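A look at the structure
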Amino acid sequence: MSGYRTSRSVLNDDTWKYAHRCWGKVNYYVGVLLVVITIIVLMIVKYDRDLETIVIYIVFIQLGIFILTSIPVEILLNRAFDQDGHRR
């Protein structure tokens, strides 16, 4: 089993499926937004001599944002399920 594994998402099959459905939606919208922002930034700095450094910063910022996508998913899980994994 791999995927979005938190203490709440692995409680049962229902929480597992709900968490992955939510995480997929969050990551889709965040990904689209990041692609647009990245394209705009790269178009602005495409002739900068430090382009490689800028790209590295962009990648690390995107990784940080990707990690932060767990916050809204955990909030949604908390709203939909109690501590034992039963729907509210």
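Presented here is an overview of the structure given in this document. (Residues numbered from 1 in each chain as written. Predicted model: local features only at pLDDT ≥ 70, side-chain atom pairs only at ≥ 80, totals over all residues. Heavy atoms only, no water.)

Next up on the list: the packing of aromatic side chains. All told, the structure shown has 4 aromatic pairs when counted by the stated rule. Taken together, a centroid distance of 5.1 Å and an interplanar angle of 45° make the contact between Tyr 4 and Trp 23 tilted. Placement of the pair is Tyr 4 in the segment before α1 (13-44) and Trp 23 in helix α1, with a sequence separation of 19 residues. The pair Tyr 4 / Trp 23 is uniform in exposure class, with both members buried. (Phe/Tyr/Trp six-rings, centres within 6.5 Å; stacked < 30°, edge-to-face > 60°. Helix = DSSP H or I, 4+ residues; strand = E, 2+ residues; numbered from the N terminus. Buried < 20%, exposed > 50% of the residue type's maximum accessible area, 1.4 Å probe, protein only.)

Taken as a whole, this structure holds 2 salt bridges when the rule is applied. With a closest N to O distance of 3.1 Å, Asp 13 and Lys 17 form a salt bridge. Of this pair, Asp 13 and Lys 17 both sit in helix α1, 4 residues apart, which is roughly one turn of the helix. In this structure Lys 17 comes out as partly exposed when scored by relative accessible area, which is 47%. Here Arg 87 makes a salt bridge to Asp 14, at a shortest N to O gap of 3.0 Å. Of this pair, Arg 87 sits in the segment after α3 (70-80) while Asp 14 sits in helix α1, and the two are 73 residues apart along the sequence. (Salt bridge = Lys/Arg side-chain N within 4 Å of Asp/Glu carboxyl O.)

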